[in-house]
Amino acid sequence: MSEKVIDLWKEWVKRRWNPDAKFLNLERMNQDDFLKRHRLVSPASPDASGKEAQVVFKIASKLRPEVETISLAHNGLTSGRIMSTLAHYLPKLANLSLEGNNLSGWKEVDYISGKRGRLEQLRELILVGNPMRELEYKNNRAQQYKSEIARRFPSLEILDGEPVARVGFDAPTATASTSTGPHTALSSFAWNMEPSFIAGVDGSIVSNFFTRYFPLFDNQRGALLDVYAPDATFSFSANTGIPPRARIEGIHVSKEFPNQRKLEWAPWLSGGMGGSRNLNRITGGLQKLTQSLHLGSEQAVKAMADLPATRHDIAGTPEKFSVDAFPIRQGERTNLLVTIHGQFVERTSILPVYLFKFARLIEDAPMLVPSEGIRSFDRSFVLAIAPDGSRAKQNGWDVVILSDQLVIRAYSSHEAWRPGPMRVQAGDLLPSPGLQQALSPLPEPQRSLMQDLVLRTRLNLQFAEDCLKTNNWDLERALANFEQVKANLPSDAYLPQDAFLP
């Protein structure tokens, strides 16, 4: 290729590059007006030689920040040959979309999963809309399809928008168990709770947004007018039921949370210039649906201003919040979906009970005191990079809000999303004082490993310790070993049913 042609390809790649999201959009290349105008052969064209894609990927390898996400969606690809040099030039690629193409066989995927061209660090892959996937689903072979993809891409975490399920060990499963030991009750789910997930976007964009947004929401909601797009939408819904875990733990009647009884739901159900948009409970037909969806930045901020006052301690207690953020396609645009789960203190003022009978006029307001009760919330934002010259950009915002959905819930502890094993809510097996005392002579981490193995297998202490020692105190190996030999264990290898009861 001539230098002039290379320069044209560089200009085209630059047009398709979103450095803030580290995203290279290579979708629908055959319809690209720039390529047609300059008579450049689309890399996805049947007439392409393969050099076109190689040049594009080579140019992409020099982009900064490094490319994390590429979409080759909707290009009518029938072969994976276009990707033959992808791993060579972009070995650290994390996210790849091949949605809406015509890839029909596994050999097409082997261009990026084979020994020579494997994307070793690929975390997310989308193959929706390709015959190789859709045929498997049609013939009820979805699980085989998922397993085959997972085998080809060991680093993959998300396939077609769903988490990739992986087994932690390979062990034969006995067809029938002859063990006379009791049934093993699980104390945790098969997958651990993972920390906040931020992909395809610079994490500082998300953190800067939240550290500025919530102080304004708490203290100066009118100033948020700058960050909402003129055609933004906002809605909120109240879920008044107490979550089962919080009910079991007695949070809402506990002396540790004395202000929970002071909270009232009325301001959330009927406030906000339209009331709660809980579609499971909403009444009033179309009029209520219309009133509870606020269109435009001014209406959105007015609705927020009519909601109870809050205090979000984002900076002080980050462990009480969980954030996920990743790019999404909306039509021809790539935006950012950000969800946050957490808690806030409600500062709605109330009258102390002993003052109610004396309160007659608005002048009694100085006697009001904050409720200081805690609520949980979930909030989903759709964000876009703030355009140059926009009100958001002029006021120092990196992004503009296109959509904002807020769910307010009765408080439940942030322990629910603490990274690590997820406790089974119903019928949890928890360490009793007796078990803790029996294990107390052991040092950490052996004590915790023993406790976990005993709760998950009900092996007695001697067998549990032997199992862990044999497997070099590796809990996952010990559990795998237990599954292999449990059919041959004697009944006295297990604890009696009433052992270590609370």
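What you see is a predicted model; the values in this text were computed from it and never measured.

Chemist: Pulling in residues and values, what's your account of the overall build of the chain?
Modeler: Counting secondary structure elements, the chain contains 17 helices and 17 strands. Per-residue burial for the chain yields a buried fraction of 45% across its 502 residues. Partitioning the contacts of the chain with sequence separation of at least 6, the portion at a separation of at least 24 is 72%. Working note: accessible area of the chain is about 27300 Å², and carbon and sulfur atoms make up 53% of it.

Chemist: Give me the nonpolar core: which residues, what numbers.
Modeler: Membership of the largest hydrophobic core comes to 48 residues, with the highest contact counts inside it found for Phe209, Phe210, Tyr213, Leu224 and Tyr228. Of all the secondary structure elements, the ones that give two or more residues to this core are helix H8 (203-219), strand S9 (228-239), helix H12 (297-305), strand S12 (322-330), strand S13 (333-346), strand S16 (373-385) and strand S17 (399-410). Broken down by element, this core gets its largest block of residues, eight residues, from H8. Aside from chain neighbours lying at most four places away, what touches Tyr213 is Leu224, Val227, Tyr228, Met304, Arg379, Phe381, Trp397, Ile401 and Asp404. With 47 residues, the next largest nonpolar core counts Phe57, Leu77, Val109 and Leu125 among its residues.

Chemist: I'd like to hear about empty space enclosed by the protein, residue by residue, with values.
Modeler: One pass over the full model with this rule turns up one cavity of 30 Å³ or more. Of the voids in this model, the largest cavity is the one considered here, and its volume is about 30 Å³. Forming the walls of the largest cavity are Phe217, Trp268, Thr310, His312, Phe344, Phe377, Arg379 and Leu406. When its residues are assigned to classes, the lining of the largest cavity shows five nonpolar, two polar and one charged.

Chemist: Lay out the pattern of salt bridges in plain terms, naming residues and giving numbers.
Modeler: Counted according to the given criterion, the structure contains 19 salt bridges. The partner of Glu162 in a salt bridge is Lys146, and the shortest N-O contact between them spans 3.3 Å. With Glu162 in strand S7 (residues 162-163) and Lys146 in helix H7 (residues 142-152), this residue pair connects regions lying 16 residues apart in the sequence. A relative accessible area of 28% places Lys146 in the partly exposed class. For the salt bridge of Arg418 with Glu415, the shortest nitrogen-to-oxygen distance reads 2.6 Å. One network of salt bridges, in which partners are shared, links Glu27, Arg28 and Arg329.

Chemist: Mind laying out helix H5 (residues 106-113), listing which residues take part and the relevant values?
Modeler: For H5, the full list of buried residues reads Glu108, Val109, Ile112 and Ser113. Angular distribution of buried residues about the axis of H5 spans 135°; they occupy a single face of the element.

Chemist: How would you sum up unusual backbone geometry? Please name residues and give values.
Modeler: Along the chain, Arg64 connects to Pro65 via a cis peptide bond; the corresponding omega equals 0°. For the bond from Glu444 to Pro445, the omega torsion is 5°, close enough to zero to count as cis. By the element assignment, Pro445 lies in the loop between helix H14 (433-439) and helix H15 (446-457). Even without a glycine there, the phi angle at Met273 is positive, about 55°.

Chemist: Tell me about the environment of Ile328, residues and numbers included.
Modeler: The residue Ile328 is located in strand S12 in this model. Considered as a pair, Ile328 and Gly200 are 128 residues apart in the sequence and their alpha carbons are 9.7 Å apart. Ignoring sequence-local partners within four residues, the contact set of Ile328 consists of Arg333, Thr334, Asn335, Leu337 and Val382.

Chemist: Please give an account of the packing of aromatic side chains that cites residues and values.
Modeler: Evaluated as defined, the whole model comprises 20 aromatic pairs. An aromatic cluster is defined as three or more aromatic residues linked by ring pairs; in this entry it consists of Phe209, Phe210, Tyr213, Phe214, Phe217, Tyr228, Trp268, Phe321, Phe344, Phe377, Phe381 and Trp397. Taking NZ or CZ as reference, Arg133 lies 4.0 Å from the ring centre of Tyr137, over its face. One Lys or Arg, Arg375, reaches over the ring of Trp265 and ends 4.0 Å from the middle of that ring.

Chemist: Report on the environment of Leu35, specifying residues and quantitative values.
Modeler: Mapped onto the fold, Leu35 is located in helix H2 (residues 33-37). Judged by relative accessible area, Leu35 falls into the buried class, the value being 2%. Between the alpha carbons of Leu35 and Trp9 there is a distance of 8.8 Å; along the sequence they are 26 residues apart.

Chemist: Give a detailed account of the environment of Asn30, specifying residues and quantitative values.
Modeler: Turning to its location among the elements, Asn30 is positioned in the loop between strand S2 (23-25) and H2. Take Asn30: its relative accessible area is 28%, and that puts it in the partly exposed class. Sequence separation between Asn30 and Pro46 is 16 residues; the distance between their C-alpha atoms is 9.8 Å. Those residues in contact with Asn30 that sit more than four places away from it in its chain are Lys36, Ser42, Ala44, Ser45 and Asn75. In terms of polar contacts, Asn30 uses its side chain to reach the side chain of Ser42, at 2.7 Å.

Criteria and cut-off values
- Residues numbered from 1 in each chain as written.
- Predicted model: local features only at pLDDT ≥ 70, side-chain atom pairs only at ≥ 80, totals over all residues.
- Heavy atoms only, no water.
- Helix = DSSP H or I, 4+ residues; strand = E, 2+ residues; numbered from the N terminus.
- Buried < 20%, exposed > 50% of the residue type's maximum accessible area, 1.4 Å probe, protein only.
- Contact = heavy atoms within 4.5 Å.
- Areas by Shrake-Rupley, 256 points an atom, 1.4 Å probe, with all protein chains shown as cover.
- Core = buried A, V, L, I, M, F, W, Y, C linked by side-chain atoms within 4.5 Å.
- 1 Å grid on protein atoms, 1.4 Å probe; cavity = no way out; pocket = protein on both sides within 12 Å on 5 of 7 lines; lining within 4 Å.
- Points joined across faces, edges and corners; volume = space filled by probe spheres on them.
- Nonpolar A, V, L, I, M, F, W, Y, C, P; charged D, E, K, R; others polar.
- Salt bridge = Lys/Arg side-chain N within 4 Å of Asp/Glu carboxyl O.
- Arc of directions from axis to C-beta.
- Phe/Tyr/Trp six-rings, centres within 6.5 Å; stacked < 30°, edge-to-face > 60°.
- Lys NZ or Arg CZ within 6 Å of the ring centre and 35° of its normal.
- Polar contact = N/O pair within 3.5 Å; in protein donor to acceptor, adjacent residues only side chain to side chain.

None of the figures reported here should be taken as evidence of function without further support.
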